[in-house]
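# Summary of structural features
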Amino acid sequence: MNNSVGNTARLLGAGLRALLVLTVVCGVLYPLAVTGIAQALFNDKANGSEIKDKSGNVVGSSLIGQTYNLPKKDPNDPEEAAKPDLKWFQPRPSNGLGGNSVNTRYSLILSGATNRSADNGAVNGRCTGAAEEGTLCAQVVAAKEAVVADNSTAGYTVKPEDVPADAVTSSGSGLDPNISPEYAELQVHRVAERNGLDVKQVEKLVADHTTGRTLGFMGEPRVNVLELNTALKALNKS
């Protein structure tokens, strides 16, 4: 009997010691080591890939897109459609950026893609103006018409065939912070006109903020919209 109690006590003691050691190692030392290495070697990424303006203020993260819309006439009207502020470069359609109807003091980011097929609403296999309202094709056609109208200026006309895919479709998450160089270049004349800048200045801005393929072969060239608009704001103030 005594041996049985003694064996049980030893097993419990060993288990408690193992629990204590593993708690210290896995719950304290390992997280501290990982955090320390991340802060030392990858400080920017470890802190959320923050983007700062010329004054050093954090304006957002390079990993999550932002909308650039005009203020609503009635902030409490959920049915009022947001209108883009055309003095800024516009991101991809931001279906992932939603409003929070539970607590309206905060914005809620909803990440997700449409479950509609690519030919949803297509007529004879093509997305045309005859697409049924509310279908994916109807949304794409309306978005293309808006891009053409918004970005055409007195001396520059956007052709429908020049509108890239990312200008009329959201990403899989709906939160993509980047656009293609083609979409950025398409917006140059409108941004220059709205801000009273020379087209060459804005073209250089886009070129300076165009990132090539990762390691030269992965992904596609891209332009981070938040970084580009932050630089545009600094250019306007200079």
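Notes on the structure follow. Because the structure is a prediction, the values reported are computed rather than measured.

The biggest cluster of nonpolar side chains holds 29 residues, and the ones touching the most others in it are Phe89, Val163, Val202 and Leu232. The set of elements that each furnish at least two residues to this core consists of helix H3 (136-151), helix H4 (181-186), helix H5 (188-195), helix H6 (199-208) and helix H7 (225-237). The element contributing the most residues to this core is H7, with five residues. In this structure, leucine 232 is in contact with Lys87, Trp88, Phe89, Val191, Asn195, Leu197 and Leu205, ignoring residues within four places of it in sequence.

In sheet architecture, strand pairing relies on hydrogen bonds along the backbone and comes in two forms, parallel and antiparallel. Strands sit in the order E5-E7-E6 across an open sheet of three strands; the sheet is antiparallel. Strands with a single pairing partner mark the edges of an open sheet, and in this sheet they are strand E5 (178-179) and strand E6 (210-211). In this structure, E5 lies alongside strand E7 (residues 222-224), joined through two bridges in antiparallel fashion. Looking across to E7, one finds that asparagine 178 is bridged to asparagine 224.

What follows is about the packing of H5 against H6. At a minimum axis distance of 9 Å, the contact between H5 and H6 shows a crossing angle of 125°. If you check the angle between H5 and H6, you find them oblique. Along this stretch, H5 crosses H6, giving a crossing that reads as right-handed. For the pair H5 and H6, the contacting residues are Val188, His189, Val191 and Ala192 in the first and Val199, Val202, Glu203 and Val206 in the second. Grouping the amino acids of the contact of H5 with H6 by side-chain chemistry returns six nonpolar, one polar and one charged.

By the burial criterion, the buried members of H6 are Val202, Leu205 and Val206. Along the long axis of H6, the arc covered by the buried residues comes to 95°, so they all point the same way. In H6, the exposed positions that point more than 90 degrees away from the buried face belong to Lys200, Lys204 and Ala207. Against H4, H5, E6 and H7 lie the buried residues of H6. Measuring from the side-chain oxygen of the N-cap residue of H6 to the backbone nitrogen of lysine 200 gives 2.9 Å; that N-cap residue is aspartate 198.

Right, let's get into the side chain of serine 180. Along the polypeptide, serine 180 turns up in the loop between E5 and H4. Discounting residues that sit within four places of it in the chain, serine 180 has contacts with Pro164, Asp166 and Pro221.

Next up on the list: the side chain of aspartate 85. The residue aspartate 85 is located in the loop between strand E2 (58-61) and strand E3 (97-98) in this model. No salt bridge is formed by the buried aspartate 85, whose closest oppositely charged neighbour, lysine 87, lies at an N-O distance of 6.0 Å. Excluding residues that lie within four positions of it along the chain, aspartate 85 makes contacts with Tyr68, Asn69, Leu70 and Gln90.

Looking now at a nonpolar patch on the surface. A grouping of Leu20, Val21, Val24, Val25, Val28, Leu29 and Leu32 is seen on the molecular surface, where their side chains present a nonpolar patch of about 610 Å² in accessible area. Mapped onto the elements, valine 24 comes out in helix H1 (residues 2-41).

Now for the environment of asparagine 195. Turning to its location among the elements, asparagine 195 is positioned in helix H5. On a C-alpha basis, the gap between asparagine 195 and glutamine 90 in space is 14 Å, while along the polypeptide they are 105 residues apart. Once residues within four sequence positions are removed from consideration, asparagine 195 is found in contact with Lys87, Leu232 and Asn236. Polar contacts involving the side chain of asparagine 195 include one to the main-chain carbonyl oxygen of valine 191, which spans 2.8 Å.

Next up on the list: unusual backbone geometry. Backbone geometry at asparagine 124 places phi at a positive 55°, although glycine is not the residue there. One can find asparagine 124 in the loop between strand E4 (108-109) and H3. Residue classification places asparagine 124 among the exposed positions, given a relative accessible area of 78%. Despite not being glycine, leucine 215 shows a phi value in the positive range, around 55°. Examined against the element boundaries, leucine 215 turns out to sit in the loop between E6 and E7. Judged by its relative accessible area of 69%, leucine 215 is exposed.

What follows covers the state of the cysteines. Here the structure, examined in full by the defined rule, presents one disulfide. The residue that forms a disulfide with cysteine 127 is cysteine 137, at a sulfur-sulfur distance of 2.0 Å. Taking the torsion about the sulfur-sulfur bond, which here is approximately -50°, the covalent link between cysteine 127 and cysteine 137 counts as left-handed. On the criterion of sequence distance, the pair formed by cysteine 127 in the loop between E4 and H3 and cysteine 137 in helix H3 is long-range, its members being ten residues apart. Classification of cysteine 127 as partly exposed rests on a relative accessible area of 37%.

Each value, and the rule that gives it
Sequence order as written defines the numbering, with residues in each chain counted from 1. In keeping with the model being predicted, local features are shown solely for residues with a pLDDT of at least 70 and side-chain atom pairs are shown and tallied solely at 80 or more, while totals for entire chains, interfaces and linings include all residues. To get the side-chain values, all heavy atoms of the structure are used, and hydrogens and water are removed first. The nonpolar core is taken to be a set of buried Ala, Val, Leu, Ile, Met, Phe, Trp, Tyr and Cys residues, with the residues joined through side-chain atoms within 4.5 Å. Only protein chains enter the accessibility calculation, which uses a 1.4 Å probe. A residue is then buried if its area is under 20% of the maximum for its type, exposed if over 50%, and partly exposed in between. For the purposes of this entry, the term helix denotes a DSSP run of H or I that reaches at least four residues, the term strand denotes a run of E that reaches at least two, and both are numbered from the N terminus. Here, two residues are considered to be in contact whenever any of their heavy atoms come within 4.5 Å of each other. Two strands pair under a simple rule: DSSP has to find at least two bridges between them. Between N-to-C directions, angles cover 0 to 180 degrees, with each direction set by a line fitted to C-alpha atoms, over the stretch in contact for helices. Every angle not falling under 35 degrees, over 145, or within 65 to 115 is termed oblique; those three ranges are roughly parallel, roughly antiparallel and roughly perpendicular. Should the near helix be turned anticlockwise from the far one by less than a right angle, the crossing is termed left-handed; should it be turned clockwise, right-handed. Note that Gly is not counted as nonpolar here; it falls among the polar residues with everything else outside the nonpolar set of Ala, Val, Leu, Ile, Met, Phe, Trp, Tyr, Cys and Pro and the charged set of Asp, Glu, Lys and Arg. To obtain the arc, one takes the directions from the helix axis to the C-beta atoms. Identification of polar contacts relies on pairs of N or O atoms within 3.5 Å, with a donor-acceptor requirement for protein atoms, meaning one able to donate a hydrogen and the other able to accept it, and with residues adjacent in sequence counted only if both atoms are side-chain atoms. Here the positive residues are Lys and Arg and the negative ones are Asp and Glu; neither His nor the chain ends is included. When a carboxyl oxygen of Asp or Glu is within 4 Å of a side-chain nitrogen of Lys or Arg, the pair counts as a salt bridge. Without a salt bridge and with relative accessible area above 30%, a residue can belong to a patch; like charges are then joined within 9 Å and nonpolar side chains (Val, Leu, Ile, Met, Phe, Trp, Tyr) within 5 Å. Areas reported here follow the Shrake-Rupley algorithm with a probe of radius 1.4 Å; residue values treat only the protein chains shown as occluding. Note on disulfides: each one is a pair of cysteine sulfur atoms within 2.5 Å.

No statement about biological role is implied by the geometric values presented.
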